[in-house]
Amino acid sequence: MRQNLRMGIVAGLDSSSTFTHIVVCDTESGAVLREGYAAHPVEAKAAEVDPQAWLLSLGEAASGGLLEGVQAIGVSAQQHGLVPLDRQGNLVRPALLGNDRRAQVAAADLVDGLGGRQAWAEAVGAVPGASQPVAKLRWLARTEPENAQRVAAVLQPHDWLVWQLLGRPARRTTDRGAASGTGYWSAGSASYRPDLVELALGHSAALPEVLGPSDSAGMTPEGLLISAGTGETMAAAFGLGVAVGDAVVSLGASGSVMAVHHEALADPSGMITSFADATGMHLPVVHLSNAVRALRGTAEMLGVDGLEELSALALKSTPGASGLVLLPYLEGERTPQLPHTAGTLCGLRRESMKPEHLARASFEGMLCSLADALDVLRGRGVEVRRVFLLGAAAELPAVQALAPAVFGTQVVVPEPAQYAAIGAARQAAWALGVSQGALDPRTPPAWQGAATQVLEPGEELAVGGAVRQQYAATRDQIHPGAFGGAHPA
């Protein structure tokens, strides 16, 4: 079907753990016409919250006529939150958020309860972790049994916000992306495993209907179309315009590597979590406990003023940092699975004991660790032709100088933007176009991709390979068998 959206505007809102950001976009080009922002009236590190705080923030962000003329809205929200409802649709207790780590023991119980990691990987494409809703349900059943008994339905943050915008109808919905992070919906079979809800909670609970990528959840009382919505990760990927062959490396205190793939992956090791995306494809993700925290720790050790100064110092060194290697497992590590280990600094010789070598070793160590995660995906047949590098640290000169050679591929650094909100708006435009008969439900609107800076490995490719070999030799010596006794590739 030819893409021929009628002139109009749509909105995308991203309700993260700390703020709500709204973008209003042109339906044809995707150009951002106006924006709104509001912080959530809760502590950023809170493990639980009254969801009404999300609505208050949304209302503030949308004030001043921001949504005037908008025809459709898409909702992106923080992932892995659990909103438990009773039979009347009221909150049983405050929502449990994705950063809540109290369910670690509950997650381990669930792994044993289904017969091990392999059984979980085959069932839902992921081994339960503390953040997932299925583990939170188990924690609730064990810790707050009276509340658990009252739970009649479970939603995630984006599901709850969509439901509220629609006026709390009898029908509750979600999408493939958000559902794939619950621990009781399989991206591979595109179906729920209600038996896993019962295993966790002790009884059944109503689950939201899973909508397709271009479906609409309904119309608001004011006549606005609401699209299916999705989780932040899926919305950001959609907003960036990533496709098969693309990987996204996120540089926060911790890190993650995800790629677009044609099928769900079952990984009993637990290193790969198999999410669904917002287009009908899949997003296998590998998480790391350490990324920029290794840079900040090195900056503090050297007494330099921030990451920009650390970057400049690192570029005074040479590839391989004079033999100095930092394994950046400062908070234990998820990939490889070394939860109780610590970081290691190897190769100390008189000539290597200089600030610039340690600075460079911190950047090389962080990037080699992320390259290991990329190779975990490549080892499962995931194609990676280019890497999108996200996060404030992606702007550092040392990161941009080293990443293409270490990753062994083209690196793309998008300009900073609210990609999750833009992805939600693009989804709204898709649902709107389908409802108008102007778009094919299989083909999203062809918005202009993110403005980017493109970095090529060039002649430094062999140098990057040597840096990785030095890092891998140290990693395998200190942690033999961390990746099955061999390089993760």
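Reading the values: the criteria
- Residues numbered from 1 in each chain as written.
- Predicted model: local features only at pLDDT ≥ 70, side-chain atom pairs only at ≥ 80, totals over all residues.
- Heavy atoms only, no water.
- Helix = DSSP H or I, 4+ residues; strand = E, 2+ residues; numbered from the N terminus.
- Contact = heavy atoms within 4.5 Å.
- Areas by Shrake-Rupley, 256 points an atom, 1.4 Å probe, with all protein chains shown as cover.
- Lys, Arg positive; Asp, Glu negative; His and termini not counted.
- Charge placed at Lys NZ, Arg CZ, Asp CG, Glu CD.
- Core = buried A, V, L, I, M, F, W, Y, C linked by side-chain atoms within 4.5 Å.
- Buried < 20%, exposed > 50% of the residue type's maximum accessible area, 1.4 Å probe, protein only.
- Arc of directions from axis to C-beta.
- Polar contact = N/O pair within 3.5 Å; in protein donor to acceptor, adjacent residues only side chain to side chain.
- Salt bridge = Lys/Arg side-chain N within 4 Å of Asp/Glu carboxyl O.
- Pairing = 2+ DSSP bridges.
- Disulfide = S-S within 2.5 Å.
- Axes fitted to C-alpha atoms, helices over the stretch in contact; angles between N-to-C directions.
- Parallel < 35°, antiparallel > 145°, perpendicular 65-115°, else oblique.
- Nonpolar A, V, L, I, M, F, W, Y, C, P; charged D, E, K, R; others polar.
- Patch = residues over 30% accessible without salt bridge, like charges linked within 9 Å, V, L, I, M, F, W, Y side chains within 5 Å.

## Quick notes on the overall build of the chain
Here is step 1 of the chain: For the chain, the count of helices and strands is 15 helices and 24 strands.
Here is step 2 of the chain: For the chain, the C-alpha atoms occupy an extent of roughly 70 × 50 × 40 Å along the three principal directions.
Here is step 3 of the chain: At a minimum sequence separation of 6, the contacts of the chain that also span at least 24 residues come to 72%.
Here is step 4 of the chain: Entry remark: accessible area of the chain is about 18900 Å², with carbon and sulfur atoms responsible for 51%.
Here is step 5 of the chain: Computed over 34 positive and 47 negative side-chain charges, the separation of the two mean positions in the chain equals 3 Å.

## Considering the nonpolar core
Here is step 1 of the chain: With 54 residues, the main nonpolar core has L251, F363, M366, L370, L389 and F407 as its most contacted residues.
Here is step 2 of the chain: A per-element tally of this core places helix α12 (residues 355-378) first, with 11 residues.
Here is step 3 of the chain: With 35 residues, the next largest nonpolar core counts A72, M234, F388 and W447 among its residues.

## Examining helix α10 (residues 292-302)
Here is step 1 of the chain: Burial in α10 covers these residues: V292, A294, L295, T298 and A299. Looking down the long axis of α10, one finds its buried residues gathered within 155° of arc, a one-sided arrangement. Opposite the buried face of α10, by more than 90 degrees, sit the exposed residues E300 and M301.
Here is step 2 of the chain: Buried-residue contacts for α10 involve β16 (245-251), α11 (306-314), β20 (325-327) and α12.

## Quick look at the environment of G231
Here is step 1 of the chain: With respect to the helices, strands and loops of the structure, G231 is situated in strand β15 (residues 230-231).
Here is step 2 of the chain: We classify G231 as buried; its relative accessible area is 3%.
Here is step 3 of the chain: Each C-alpha atom of the pair G231 and A141 lies 25 Å from the other, and the pair is 90 residues apart in sequence.

## A word on the side chain of D277
Here is step 1 of the chain: Looking at where D277 falls in the secondary structure, it is placed in the loop between β18 (272-276) and β19 (282-288).
Here is step 2 of the chain: Here D277 falls in the buried class, since its relative accessible area comes to 8%.
Here is step 3 of the chain: Among the polar contacts listed, one links the side chain of D277 to the backbone nitrogen of M281, at a separation of 2.7 Å.
Here is step 4 of the chain: Discounting residues that sit within four places of it in the chain, D277 has contacts with R176, G177, M234, H282 and L283.

## Some thoughts on the pattern of salt bridges
Here is step 1 of the chain: Scanning the entire structure with this criterion turns up 18 salt bridges.
Here is step 2 of the chain: For D246, the salt bridge is made with R386, and the minimal N-O distance between the two is 2.5 Å. With D246 in strand β16 and R386 in strand β22 (residues 384-390), this residue pair connects regions lying 140 residues apart in the sequence.
Here is step 3 of the chain: The class of D246 is buried, set by a relative accessible area of 5%.
Here is step 4 of the chain: Linking D476 and R475 is a salt bridge whose minimum nitrogen-to-oxygen distance equals 3.0 Å.
Here is step 5 of the chain: Residue classification places D476 among the partly exposed residues on the basis of a relative accessible area of 26%.
Here is step 6 of the chain: Judged by relative accessible area, R475 falls into the buried class, the value being 0%.
Here is step 7 of the chain: A single network of salt bridges, built from pairs that share partners, joins D372, D375, R378, R468, R475 and D476.

## Looking at the pairing of strand β13 (residues 216-219)
Here is step 1 of the chain: Bridge analysis of β13 against strand β14 (residues 225-227) gives three bridges, and the strand direction is antiparallel. Along β14, the bridge assignment pairs G218 with I226.
Here is step 2 of the chain: Linkage of β13 to β14, two consecutive antiparallel strands, is achieved through a turn of five residues, within which G223 is found at a positive phi near 95°.

## Here's the deal with the state of the cysteines
Here is step 1 of the chain: Tallied over the entire structure, the rule returns zero disulfides.
Here is step 2 of the chain: Lacking any disulfide linkage, C368 is separated from the closest cysteine sulfur, that of C346, by 13 Å.

## Overview of the packing of helix α2 (residues 104-114) against helix α3 (residues 117-124)
Here is step 1 of the chain: Interhelical geometry of α2 versus α3 gives an angle of 90° and a closest axis separation of 7 Å. Comparing their axes, α3 and α2 come out roughly perpendicular. Contact residues: L110, V111 and L114 in α2; R117, A119, W120 and A123 in α3.
Here is step 2 of the chain: The class makeup of the residues in the contact of α2 with α3 is six nonpolar, no polar and one charged.

## Here's the deal with the packing of α11 against α12
The axes of two packed helices give the description: the angle between them and the distance between them.
Here is step 1 of the chain: One way to put it is that α11 packs onto α12 with a least axis distance of 7 Å and a crossing angle of 110°. Between α11 and α12, the interaxial angle falls into the category roughly perpendicular. Taken together, the residues of α12 that come into contact with α11 (itself represented by L310, S311, L313 and A314) are P355, E356, A359, R360, S362 and F363.
Here is step 2 of the chain: A breakdown of the residues in the contact of α11 with α12 according to their chemical character gives six nonpolar, two polar and two charged.

## Digging into a nonpolar patch on the surface
Here is step 1 of the chain: A cluster of nonpolar side chains, namely L345, L348 and M353, defines an oily patch on the protein surface of about 280 Å² accessible area.
Here is step 2 of the chain: The topology assignment puts M353 in the loop between β21 (344-346) and α12.

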